[in-house]
Amino acid sequence: MKIKFDVKTKRIKCIKFHPTRPWIIGGFYNGRISIWDYRSKHRIGKYDQHKGAVRGLDFHPNQPLFASGGDDCIVRVWNYKQKKCIFELSGHIDYIRSVHFHNEYPWLISSSDDQTMRIWNWQNRTCISVISGHDHFVTSAAFHEKKDLIISSSLDNTIRVWDITGLKNKYFSVAPTLKDPVNFYTPGPNSISELQSDLFGSTDVMLKFILEDHEKGVNWASFHPDLPVIISGSNDKTLKLWKISDTQAWLMDTFNGHRASISCVIFDPIDDLVISTSEDSTLRVWNTQKNINTKTFRKDGTKFWAVAANRNEKLFAAAHDYGFFVFKLQNERPAFCLNENNIIYFKNESILAYNLNSNSQAVVAQTSQNTQVSDILSLQYNPYESLLIIELQNSFEMLSLFKRKFSSPRPGLGSSAVWVSRNKFAVIHQKTDIFIKNLENKITKKIQINDELFQQNLKQNINQNFSLPNAHNITRLFPAQNGLVLLRSASMVFMLDIQQQRTVAEIVAKNIKYISWSDDMQFLALFNAHSIILCDKKLSHLCSLSESIRIKSGKWSKSGVFIYTTLNHLKYCLKSGDTGIIRTLEKPVYLTTIKENSVFALNRKHDIEPLGMDSTEFRFKLAINEQRFDEVVSILKSSKIFGQSIVSYLREKGYPDIALNFVENERLRFELALECGDIKSAFESAKKIDKRECWHKLTKESLKLGDLEIAENSYKRINVSQELSFLYLVTGNINGIKEISKNAESKNDFMTQFNNTFYLGDVETRINLLIKQNQLAFAYLTAKSHGLEEKASDLQKLLESQNKKVPEFKQKTPILMQPQLPILQAESWPLLMLLANGIFQIFKISITTTIIIIYYLMIKFWGMTQQLISFDEDNSSQTIDNQNAWLDGVDIDLGELPQNSNLLDNLDSQNKQPQTIYVVPIHGKFKSEKSFESSEIVSDHVSTGSFKIAFHLLNKQIGVINFKPLKNLFLNTYLGTHSTLFGFSNLNPIPLEITSFQTEKSLSIPLKMEIIKKEFKKALDLTTSGKFSESMKIFQNILFSIPLLIVDDLSEVKEAQKLITICKEYITAFKIEEERRKSSKDIKRSLEMSCYFTHCNLSLNHLILSLRSAMFLNFKAKNYGIALTFAKRVLELGANQELSEKARKIASFCEKNQNNAIKINYDERNPFVICSHSFTPIYRGNQKISCPYCGASYLPKFADKLCNICEKCQIGLEICELINQNF
Amino acid sequence: MQLFSVKNLFYLGNYHQAIAEGETLENLSQEQELERNYYLYRCYLAIGNYQTVLDEIKENSPSSLLIIKLFASLLSDFDSKKADVLDTLDKWKKLNENQSDEMFKIIAAHIFCNCGDIDEALRIIHNAKSLEALALRVQLLLLIHRQDIALQELKNLQKIDDDATLTQLATAWINLEEGSEKIKNAKYIFHELSEKYGATHSLLNGKAVCEMKMGNFEEAEKLLIEALEKKPNDPTTFSNYVCCIQHLPKSDELIQRQINKMQHLDKSHFIISSYNRLSEEFDKLANEFKI
């Protein structure tokens, strides 16, 4: 049982869920009614009008209403939107025990201690029926959800079922809103009820059944919403299950268990369960099928008063003396894990894999039958071994997945099983140890936790500044990287290194329930229902956030954004701590994986649901955070989603310049532009806004940044000549000041003009101005103090003439100087970058830093190379001559004992120390060296380095005498089959043979048939293009290689033999050609050669080419007879048109004249082979010998010589066959 | 505690970082200090910085450090010092005979092995109990191709601590010897270790050998090139590279050039010395068969 929301208040007597909203309503013993939102966990309303206990409450199924009844005998109907009682229904004369709305008709039923029930029409607020019959308090009354029935329970020990068809027909003879017209129009009981009503008065409601079996008063009875069964709870401490049919009702079962009166009992609308509350401080869950009490929840010192069910969410609520709580009977979190492209999850007693690529699912294993969905805490998959661990409460099961035949799960004990490496997992054993187990479920290591030593170890590592609880009780393990495991205590999460058996990192995190690693295992999210902590793989804190709504699941996206679900939202959290909502969710789902623009989630029915999401927002924020401005720009270009929130986000992050790009509101643009110091844009915006305060702001900013032009312009805009002239003064713009003066003159602005004369040093104008304003005394003094005596005396006269007093000028000499005139006029300064983190600024920094980095690297690298050079010197001076040792080791035979002297040494030392003698093991050999000892395959010995044997074999098998050309082949084969492995430093590396992975018996010889074939093709191509010497080299190489080739089947044997023959033919042909060129002066010989050339077994196109040259050469030499034979052969073989044409001409010419000018040793009609040494024909019947390997023919006199073609074998040697089969 | 990291880095072949971490360790007890220095100096030897070791270790240092100095002198000038070193070692061995200073014995085994006397190396550490000594025994046994005994040693190692880096490495060595399906296991081990502690040239080599044994020579080539970037001209890496390119479609010229380059790296290296020996042997044999 999982408690979701626990509220401590005063005694609550009744409780109900809202049919659709996440609300719960409770009626207090003291008369209050409160409504809570159990998701956000807030009270959202309270209603205090009842006097005395509230015992009955009900929400209307679709109107914003609820009804209540209590000890003040009044039924009140409230509107929760208006937050007030909208009317009262009076009639009952004793406590009201329950109220219930009909789900279709505007009816409300109430039951009362006055032994009656009343049905009210809440629309016209009248009582339409009073039902009497019970002989004691009626403790509960309710409508059936679908049928026209009422159930009531009473302290008279009975439960009664009533038929209200009559009442319905009375008020709804034509029922416009009824869903099931057939039922409601059946006239059957209609007439009877009418009859009854006529006979007995109020018989709108007819008693249908009386259920009597309880020994004491019945406190509650409910219908099952779908099935024809009734459950009742009584003061006799029993629950009774009744069955009803149309005509009968009978007792089915009695549930014993409660120790005191049962206060309330309801059906679980989905499962076959009954939940009852009692005054014995327990809440019990019963399985009606098996007639057992499956769960008991005890809350000592309190009495339970009511229980309610919420069908939509499988939630229940129970009310007791000190409040109430909302709970779930079982875990609804689906267990799942992810493996590359498969979501592995549990459904219906089997493990399914949902393939994300094909979007299909398949059952991959079967769990044991006892395993319930709700028992599974987690699934942990090990892809290396295809093993799944199903974590259960205090045990686990191991299951092989993806096997053709389902294997049964292997159970094991220990809680919180997690994989720690590919062949080990960890479990907590009895809260005291962590056991590391291998795949056989055998313990390989025990790590004591929760003992003193370990606790000390934990504390040592923790920053001392934290005040810590005394002990860290490790209650759960979570997976981490290989060899590590996360331990959870109530307030911390530790990372334990299994090898070192100590914690290597920790983070303060309270009550973490779930974790999620990013795909690359670099980042970790720790979360529980209300908070998320993101950290890196060393558990360094990145950010935390809290959520008021329950967090359900979370997953890292590939881009490093943590996506999570709450009860009703899909949200994201960046590593910087920025969060936001991606979309709303209709019901809670559990994220399994994230793919670009969609997420795959498991819902509570254990089905995979793909959900679309718009990732633009978080991608944008991520790009901003990671300062990938190119992406920012591309997102800006491609989407138009941005609103105020993004603008404020950007401002907050200090990127007003980016925000400026997509803000249209001028006012905002202006602000942003000022913020990022973009005076030009600000000016543009200001022009559009054209408000005084904007211009003021702009001038202020532009002056700050030194943009004089804009400052000037904006001063002009708002017409503040004082400031403007001051600006002109400090920037030395005399003309500007003059202009202002002129303007001022036209406007008769005396003060401005006067000021400007000061700026300009224009005394005369100033005096004139003063005169104009009739300030003659001032004017006189001005003139005097500037030493303008003439003017002064004029003014003196003027003053005197006006009979004014001439002010006394005490100074003897003029004291005021003229202001200096500026030499240069100031210009706008280069604009400052206002923001340190503007985009361009960043670019600048990054450029400079790159330069620094490069520079730094250069220094480093240079230093390093120097270092390296010195290393090299060290290495080269270190010429350790331990190869002899190696060879010795290798050469010792199996049976040989360790050297005697060593043995004696040992015996000597034995006298001194009483230790057992250590006999050094006899040196072994490479595996293949041993197994190939008697092999007859040449390459086996070549690859193991036993060249001597290889030589002998080659000599014996194919008569090789010239090994020189084979040298590289031999050595490379050896190199290609030997590698070494680092062990300890400064120690000989471990030699390893490269065995072939498939067969494992043999070594992996680099030489392969495919490679040879490729070479062969290359040689043919070269031949076609006339590069004879190059292609001959390749053909010869092929001949060299084939003896070392290992063939795998008969077809390859044949192929190899064919290759040898073809190579031989081509090489022979090339040799003949060579001979022809050598003897170009000897026409006879050269003609002979060209003829022989055509008798090599070449491929067709090459043969035609050879015929062509033989034909032309003989024709030129006027050997028409022979030329004719070649022409005929060309025509026979079907050459291309041009050549055929020529051949035809030659043929027709030669037919007339078949004389041969030069007699040569060539008889086309007599079959012959060519001696590859003398290049003379050996006609059939004559004796010949051949090369044992390539089969080239020779005259007998060349016996024992080196074959001219393959260049390695002894001609005429008796041999056995080449053995290179490996099958 | 932090000594673990230094040792671990040393075993994995990340010598520079081991030195960096070792040098910054503080608040060490006398014992820990000695151990730290022991591994630091071994790291110096591994990167070829013999002079530092020769300079820094004083004559009055404990035997476990003195022997490193001895080893350093051997490595710095093998041919001329070999006899002296073996002589000294023989004396010291007798002095230390009754002690069970495993740190001393391990280096002594190194010296013997370097001088070609694997038997003596095995003998001196035959009853050492530490993880490192056991792992060293595994390596020595593999050097004389006795993987059967090495396997027993490995079992002892696994009994002591199956998760230890050395156990993992030794498992991988033996797995590679065993071949076939076990190669995958070795591959996982190298993979895991490099995931956990970062790739080093020796782990990359290990991975490459696994790939070669599985027939993925292209993959192995990439790994070896990466390893060569980490430690250029390393004879083991280079000879593995030469081994690898034999299986790839490379031109003969390129292969021959790499072999020539390899020949000059370290004549004492197993592959290189074998190559030179076989090359000579070939010429000799070829002459014998000539008519």
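Residues numbered from 1 in each chain as written. Chains lettered and ligands numbered in written order. Predicted model: local features only at pLDDT ≥ 70, side-chain atom pairs only at ≥ 80, totals over all residues. Heavy atoms only, no water.

You'll often see interface size given as the accessible area lost when the parts meet. Between chain A and chain B, the residue contacts involve 85 residues of the former and 105 residues of the latter. Summing both partners gives a buried area of about 9,100 Å² for chain A against chain B, and 60% of it is carried by carbon and sulfur. For chain A, the biggest contributors to the area lost against chain B are A:Q499, A:F982 and A:F984; these three give 9% of the whole. Seen at the junction of chain A and chain B, the total is six salt bridges. In this structure, the salt-bridge partner of B:D163 is A:K445, at a minimum N-O distance of 3.0 Å. At the surface where chain A touches chain B, the tally comes to 23 residue pairs in polar contact (both at pLDDT 80 or more). Looking at the side of chain A that touches chain B, the elements that each hand over two or more residues are helix 19 (839–877), helix 20 (883–891), helix 21 (900–912), helix 24 (947–958), helix 25 (967–976), strand 56 (978–981) and strand 57 (990–993) of chain A. With eight residues, helix 25 of chain A is the single largest residue contributor to the side of chain A that touches chain B. Grouping the constituent residues of the side of chain A that touches chain B by class yields 34 nonpolar, 35 polar and 16 charged. (Contact = heavy atoms within 4.5 Å. Buried area = accessible area lost by both parts, 1.4 Å probe. Salt bridge = Lys/Arg side-chain N within 4 Å of Asp/Glu carboxyl O. Polar contact = N/O pair within 3.5 Å; in protein donor to acceptor, adjacent residues only side chain to side chain. Helix = DSSP H or I, 4+ residues; strand = E, 2+ residues; numbered from the N terminus. Nonpolar A, V, L, I, M, F, W, Y, C, P; charged D, E, K, R; others polar.)

As a further point, take helix 14 (residues 217–230) of chain B. In this model, helix 14 of chain B (14 residues) spans 20 Å end to end at C-alpha, consistent with the 20 Å of a helix rising 1.5 Å per residue. Turning to helix 14 of chain B, its buried residues number three or more, namely B:F217, B:A220, B:E221, B:L223, B:L224, B:A227 and B:L228. (Expected span 1.5 Å × (residues − 1). Buried < 20%, exposed > 50% of the residue type's maximum accessible area, 1.4 Å probe, protein only.)

Moving on, we get to empty space enclosed by the protein. Residues and elements named next belong to chain A. Taken as a whole, this structure holds five cavities of 30 Å³ or more when the rule is applied. What the largest cavity holds in volume is close to 130 Å³. Forming the boundary of the largest cavity are K4, F5, Y38, R39, E313, L315, K328, R550, K552, L567 and R604. Of the residues in the lining of the largest cavity, the class split is four nonpolar, no polar and seven charged. When its volume is computed, the second largest cavity comes out at roughly 100 Å³. Lining the second largest cavity are 13 residues, with K2, K4, Y514, R550 and K552 sitting closest to its centre. (1 Å grid on protein atoms, 1.4 Å probe; cavity = no way out; pocket = protein on both sides within 12 Å on 5 of 7 lines; lining within 4 Å. Points joined across faces, edges and corners; volume = space filled by probe spheres on them.)

To continue, consider the pairing of strand 15 (residues 149–154) of chain A. Residue and element names in this part refer to chain A. The element strand 15 is extensively covered by neighbouring structure, given that six of its six residues are classed as buried. Because side chains alternate across strand 15, one face comprises the buried residues L149, I151 and S153, and the other comprises I150, S152 and S154, equally buried. Judged from the five bridges that link them, strand 14 (residues 138–143) and strand 15 form a sheet pairing that is antiparallel. Residue pairing in the sheet places A142 in a bridge with I151 of strand 15. With antiparallel pairing between neighbouring strands as the criterion, strand 14 and strand 15 make up a hairpin whose turn holds five residues. Across five bridges, strand 15 lies against strand 16 (residues 158–163) in antiparallel orientation. (Pairing = 2+ DSSP bridges.)

What follows deals with the pattern of salt bridges. Counted according to the given criterion, the structure contains 49 salt bridges over all chains. Linking A:E1141 and A:R1144 is a salt bridge whose minimum nitrogen-to-oxygen distance equals 3.6 Å. With A:E1141 and A:R1144 both in helix 32 (residues 1137–1152) and three residues apart, this pair spans about one turn of that helix. A residue is classified by how much of its surface remains accessible, and A:R1144, at 45% relative accessible area, is partly exposed. With a shortest N-O distance of 3.1 Å, B:K7 and B:E35 are connected by a salt bridge. Taken together, the residues span a long stretch of sequence, with B:K7 in helix 1 (residues 3–12) and B:E35 in helix 3 (residues 30–46) at a distance of 28 residues. Of the residues examined, B:E35 reaches a relative accessible area of 22% and is grouped as partly exposed. Salt bridges sharing partners connect three or more residues here, namely A:K424, A:K445, B:D161, B:D162 and B:D163.

Attention shifts here to the sheet that holds strand 22 (residues 262–267) of chain A. Residue and element names in this part refer to chain A. Spatial strand order, 22-23-24-25: four strands in an open sheet with antiparallel pairing. Edge positions in the open sheet fall to strand 22 and strand 25 (292–298), since each of these has one partner strand only. Within the sheet, the average angular offset between the axes of one strand and its neighbour, ignoring direction, is 20°. (Axes fitted to C-alpha atoms, helices over the stretch in contact; angles between N-to-C directions.)

Attention now goes to a nonpolar patch on the surface. There is a patch of nonpolar side chains on the surface, built from A:F726, A:L729 and A:V730 and spanning about 270 Å² of accessible area. Take A:L729: it is sitting in helix 13 (residues 721–731). (Patch = residues over 30% accessible without salt bridge, like charges linked within 9 Å, V, L, I, M, F, W, Y side chains within 5 Å. Areas by Shrake-Rupley, 256 points an atom, 1.4 Å probe, with all protein chains shown as cover.)

All right, on to the nonpolar core then. Counting 210 residues, the largest nonpolar core has A:F970, A:Y1189, A:C1190, A:Y1194 and B:I111 as its most contacted members. Per-element accounting of this core gives the leading share, 10 residues, to helix 28 (residues 1050–1078) of chain A. Once you skip the residues sitting within four places of it in the chain, A:Y1189 turns out to touch A:I958, A:I1038, A:L1039, A:I1042, A:P1043, A:I1060, A:C1206, A:K1208 and A:C1209. By size, the runner-up hydrophobic cluster in this structure holds 42 residues, among which are A:L636, A:A659, A:F683 and A:I734. (Core = buried A, V, L, I, M, F, W, Y, C linked by side-chain atoms within 4.5 Å.)

This brings us to the packing of aromatic side chains. Residues and elements named next belong to chain A. In total, this model carries 55 aromatic pairs over all chains according to the counting rule given. Where F5 meets F324, the ring centres are 6.0 Å apart and the plane angle is 85°; that geometry is what we call edge-to-face. Highlighted residues: F5 in strand 1 (residues 2–8) and F324 in strand 28 (residues 323–328), separated in sequence by 319 residues. Taking the relative accessible area as the measure of exposure, F324 reaches 0% and is therefore buried. (Phe/Tyr/Trp six-rings, centres within 6.5 Å; stacked < 30°, edge-to-face > 60°.)

In this section: the side chain of A:K445. In this structure, A:K445 sits in strand 40 (residues 443–448). Reaching out from A:K445, the side chain makes a polar contact with the backbone oxygen of A:I498 at a distance of 2.9 Å. Polar contacts involving the side chain of A:K445 include one to the side chain of B:D161, which spans 2.8 Å. Apart from residues lying up to four places away in sequence, A:K445 is in contact with A:I434, A:F435, A:I436, A:I498, A:Q499, A:Q501, B:D161 and B:D163.

Let's shift gears to the confidence of the model for chain A. Residues and elements named next belong to chain A. In this model, chain A carries a mean pLDDT of 79, and residues with pLDDT of at least 70 account for 85%. Averaged pLDDT values over the elements of chain A bottom out at 41 in helix 20 and peak at 93 in strand 10 (residues 96–101). Scored below 50 in pLDDT, residues 174–201 makes 19 contacts in the model with residues more than four places away or belonging to other chains. Contacts of residues 833–855 to residues separated by more than four positions or lying in other chains number 24 contacts, the stretch itself having pLDDT below 50. (pLDDT = per-residue confidence, 0-100.)

Attention now moves to the environment of A:D236. Residue and element names in this part refer to chain A. Relative to the elements of secondary structure, D236 occurs in the loop between strand 19 (229–234) and strand 20 (238–244). On the accessibility criterion, D236 (13% relative accessible area) is buried. As for D236 and S261, which are separated by 25 residues in sequence, their C-alpha atoms are 6.2 Å apart. Once you skip the residues sitting within four places of it in the chain, D236 turns out to touch H214, E215 and K216.

Taking 1.5 Å of rise per residue, 12 residues should cover 16 Å, and helix 24 of chain A covers 16 Å from first to last C-alpha, within 8% of that figure. Within the span of helix 24 of chain A, buried status applies to A:F947, A:A950, A:F951, A:L953, A:L954, A:Q957 and A:I958. What you see down the axis of helix 24 of chain A is that its buried residues fit within an arc of 170°, all on one side. Lining the buried residues of helix 24 of chain A we find helix 23 (938–944) and helix 25 of chain A together with helix 17 (270–289) of chain B. One or two positions beyond helix 24 of chain A, positive phi appears at A:G959, with a value near 70°. (Arc of directions from axis to C-beta.)

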